[in-house]
Each structure stands twice: as C-alpha cells, then as structure tokens.
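Topology and contacts: notes
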Amino acid sequence: MSQSQEERSIRCLVAKVGLDGHDRGAHVIARAFRDAGFEVIYSGLHKAPDEIVQAAVQEDVDVVGISILSGAHSTLVPKVIDGLKEYDAFEDTLILVGGVVPDDDKAELKEMGVAEVFGPGTPMADTIEFVRENVPER
Amino acid sequence: MTLSTEELLEGILDGNHRALARAITKIENRQDGYREIVSGLYEHTGSADVIGVTGSPGAGKSTLVDKMAKTYRDRGLTVGIVAIDPSSPYTGGAVLGDRIRMASNVGDMDVFFRSMSARGSLGGLSTATADAVKALDAFGKDKVIIETVGAGQNEIDIVRAADTVAVLVPPESGDNVQMLKAGILEIADVFAVNKADMDGADRTVQELEEMVHMDDGHVSVAGGHHGMGIETDVDMPETGDESADAPEPWKTPVLETVATSGEGVDEFLATLQEHADWLAETGQMTAKRRQRTAEEIRTLLREDAAALVAGELEDHGGVDALADSVLAGDTDPYSIADDVLAPVAECLDED
C-alpha cells in the first residue's frame, strides 16, 4: 500500500522566552492559531532558549513564534536560532518574533534568520496569512 | 532539509532526536513513507515498558507524568512521552498544553516529550499513537508513557496500547466514579487518587476500594455456577473450574499521590513495576501483546480496505452522487454497496 491518507496540520510553538511575564498576547495568538486550524504548543512563561529549542525539536513544529516584550530579543533570539541549527532544525522552521522591536533590531533579527517581526497592532489575520504562505515545505 | 525514509530509520536507531521527531510527524500525518518507517522499526521494538496514564481533565495527569519522568531519569532510565490533547471539532486546531507541566525535565533531551492532537476525523488516532510509541521504543527509551484525557472510546483504545494503565481520580469525584463505572475505571490496572492532600481524598480512596472489591465479587459470580447469582454476600466456595495453579488475578490497587510535591510517586512507580512483573510472570504480557497486535492488524486492514474502496467509490461517480441517486429513489445503499464491492468480491472468489 502506498496511498497516503495525508492529513497535514501546521504545528506551531508559541514561546515565551526570558523574564518577561506578560503572556496575554501569547494566549491570544495561541487561540487565534488554534481557530485557524493549527496545532499550537504553548511553552508557558519564563522559558530559557534551550527549553524552546528542546520543545521545537521534539515537537517537530513548522513554526516557532517567539513573544518577547522585555526588550531582550537581541540576546535571546540568537540563542534559540543557534540551538535550532545545532539540531539541524533551523532550515525548515519558520521563525517569527512578536513584540516591541525597534526597526534597527528588526533588520538585525531578519538577517539572523527570523522570517518576520510582528509589532503591536498587527491584525491577527495578517499573521495567520503569513504563516500559511510561508510555512516551509517538508 | 528533507530526510529520506532510510535516513529517518537510520537516524532513529542512531539516537538522532530530529529524525525521531520527524518520523513521528510522518506517522501522524500518514505521509508517504510512514509505513516503511513503522515496518522498519518493528524488529527493534518490545523492550520498553509502556505505561498509560489517563483520567478526567484536571486530575493532574501531566504533573504526575512529569514527576514520573523525573524519578525514572534519576534512576538513569530514559523516558519517552506521548501526550494527547483534544482538537477542535470545528477547525481541527488544537492547543497542546501538557508540555507546560514538564517543569522537572526541561533541557533534558533524554526525556522525549511529544504532544499529539486527537485530530478527530478518521479515528486513526489510536494507530498513529501506537506507531509513535513504537518509534520511541525502537529509539531505545526504557519507559514510554502515554498520557490522554479519559473521556471517550477513542481514548480507551489508545490506553490499550499500554501494558499497564493507571487511572487518576481526583478527590471528591464520587459522582463521577458512579458515572464512569462502565467506562474508564474498567481499564485501570492501578488507581491513583491524586491531589491526596485535598479534602475528600480519603472518601474517594474508600469508594474506589469498595468498587474494586465489588468487582471481585462480580467476577466470581459470573464465572461460577450459582445460577441466579443471588447469594453474593456468602463466601464463595471453590467452584472447581479454577485450577490450583491458575494465575493469581491482579487486584487493582488504589494509591494516593500528590503530584505537585512528588508524594507517593515512588510507591506509584513501584506498583506499576509490580503490575509489569505480574504480566510477565503470569504470561499475561504475551497474551496482551498478541491481542494488541491482532487488533493492529485488523485496524490496518480496515483502513487499507477503506482506502481501496474510496478509490472504487470515485470510479462510481463519488459518494455524493450516489447518495443523491438514493435520495431520488433510483436505488438504495445496499445495492450500491454490492455494486461497488462486486469487483473486489470477484477478485477474492478467484483464489
């Protein structure tokens, strides 16, 4: 039998990294992704980059959405990216950052491999659309 | 980076986490190549203890599983966990939240935790879960834990993929106990009254114990030759049809745990081990695995046959068109089924 009864579902990790304890936004995103038919794994608060990497690799997610409101994105995001590379998981994972990120930093993050940075006020539909269009082929 | 089936297989046997994760995704998605993967893994399975943990939402399953994993890790054992959460019947989406409770094992890659959504539609969940368990087993995990909400038939099927099933019961669920009697409580090999530090825990333990005893009585009445089975309260005389060397039946123990503090976890794990030993000693393990494999074969055949039939249906114009012709009064479902299956039946007759 070679038929595949494929039922692919987009898997996303919604991650809170570092000391910032505001997860209202992450909850809203998780909920919106769920309603868009995605499978969402929520990391919980105060996670270290290592933990995010562990979760992303084991759960084999298509998308890692990192929510950072503390301003520490330039320190934390590279650590997550390095970790993903270590497990060969960087290439086919879509990395998104949500939060308050200055324009200069935005460019820097994108250079590192972040696909898009979503600031405050981004319509949810835009984020979902972006994920659908850019989810890596596997 | 796309890994071929051979690379995935090799990776899993080599202990590559990424390969294991990707293989489970393929299994879940029923993607091309998943069958070859599971076939290839088969000969490497059978060494892990598979433990099912189930119970009502909020019973503390994830927290207990976290403590179980931690304790096993402290003993130098490796652990794989498959945690299943429900998916939305409307969008198919899901929030898989069990991972949050895995606080004791963060950063420890030797605890491989995988969230799965129930994906509702096809009822193929139990096969996908069982196959994911095989992948973890072949990967070399010593203990594999399946965690699922015990709410319906599907979940019960999943838990049957386990050698030992623990059912968690929160305190003060007296009414639930009654309600669940004919369902999930029947599949328990071990009961754990979790949150045992809360009021009402003693009562729940007592109620469960009563129920377990009641089951004892019930079984011997059904198995004995007492006609009406009225004299339940009388001590059961030996009925002769149980030979002296018949295996001692397993009596479902009722334990108390406090998953948040880890209290009772050691005893809980010891009891799981006792059950595993009992399975091995009485030969029940072989019987159980044979039964499970038989069920797997049946399910697979059903799925494959259904896929073949789906192709036949398309050749007949699709199921919607056929349904319309029934509604129009031109034919009926039985005639259609006969028509669609005629070529299949013909092929089989030739043999």
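Quick note: structure is the one above.
The present account deals with the structure reproduced in this document. (Residues numbered from 1 in each chain as written. Chains lettered and ligands numbered in written order. Predicted model: local features only at pLDDT ≥ 70, side-chain atom pairs only at ≥ 80, totals over all residues. Heavy atoms only, no water.)

Under the defined criterion, the tally for this structure stands at 31 salt bridges over all chains. Of the charged contacts, one joins Lys47(A) and Glu51(A) as a salt bridge, the two residues approaching to 3.9 Å between their closest N and O atoms. Asp189(B) serves as the salt-bridge partner of Lys288(B), at 3.9 Å between the closest nitrogen and oxygen. With Lys288(B) in helix 10 (residues 284-315) and Asp189(B) in the loop between helix 7 (174-180) and strand 7 (190-193), this residue pair connects regions lying 99 residues apart in the sequence. (Salt bridge = Lys/Arg side-chain N within 4 Å of Asp/Glu carboxyl O. Helix = DSSP H or I, 4+ residues; strand = E, 2+ residues; numbered from the N terminus.)

Attention now moves to the sheet that holds strand 4 (residues 111-117) of chain B. Note: strands within a sheet are paired through backbone hydrogen bonds, in either parallel or antiparallel orientation. Residue and element names in this part refer to chain B. Spatial ordering of the open sheet is given by 4-2-5-1-6-7-8, a layout of seven strands whose pairing is parallel. Where the open sheet ends on each side, the last strands, each with one partner, are strand 4 and strand 8 (254-256). Across the sheet, the mean angle separating the axes of adjacent strands is 20 degrees when strand polarity is ignored. In this structure, strand 2 (residues 79-85) lies alongside strand 4, joined through seven bridges in parallel fashion. Bridging across to strand 4, Ala-83 finds its partner in Ser-115. Those strands touched by helix 4 (residues 61-74) are strand 1 (49-55), strand 2, strand 4, strand 5 (143-149) and strand 6 (164-169), and its axis lies near 175 degrees from that of strand 5. (Pairing = 2+ DSSP bridges. Axes fitted to C-alpha atoms, helices over the stretch in contact; angles between N-to-C directions. Contact = heavy atoms within 4.5 Å.)

On to the packing of helix 1 (residues 24-35) of chain A against helix 5 (residues 124-134) of chain A. Residues and elements named next belong to chain A. Between helix 1 and helix 5, whose axes approach to 11 Å, the crossing angle comes to 60 degrees. When the interaxial angle is binned, helix 1 and helix 5 end up oblique. Handedness of the helix 1/helix 5 crossing: right-handed. Where helix 1 approaches helix 5, its residues Val-28, Ile-29, Ala-32 and Phe-33 are matched on the opposing element by Met-124, Thr-127, Ile-128 and Val-131. Partitioning the contact of helix 1 with helix 5 into residue classes produces seven nonpolar, one polar and no charged. (Parallel < 35°, antiparallel > 145°, perpendicular 65-115°, else oblique. Left-handed = near helix turned anticlockwise from the far one by under 90°. Nonpolar A, V, L, I, M, F, W, Y, C, P; charged D, E, K, R; others polar.)

Residues and elements named next belong to chain A. Where helix 2 (residues 49-59) contacts helix 3 (residues 73-86), the axes come no closer than 9 Å and their chain directions differ by 40 degrees. Taken together, the axes of helix 2 and helix 3 are oblique relative to one another. In this structure, helix 2 crosses over helix 3, and the sense of that crossing is right-handed. Side by side, helix 2 and helix 3 meet where Pro-49, Ile-52, Val-53 and Ala-56 of the first sit next to Leu-76, Lys-79, Val-80, Gly-83 and Leu-84 of the second. Among the residues forming the contact of helix 2 with helix 3, the class breakdown is seven nonpolar, one polar and one charged.

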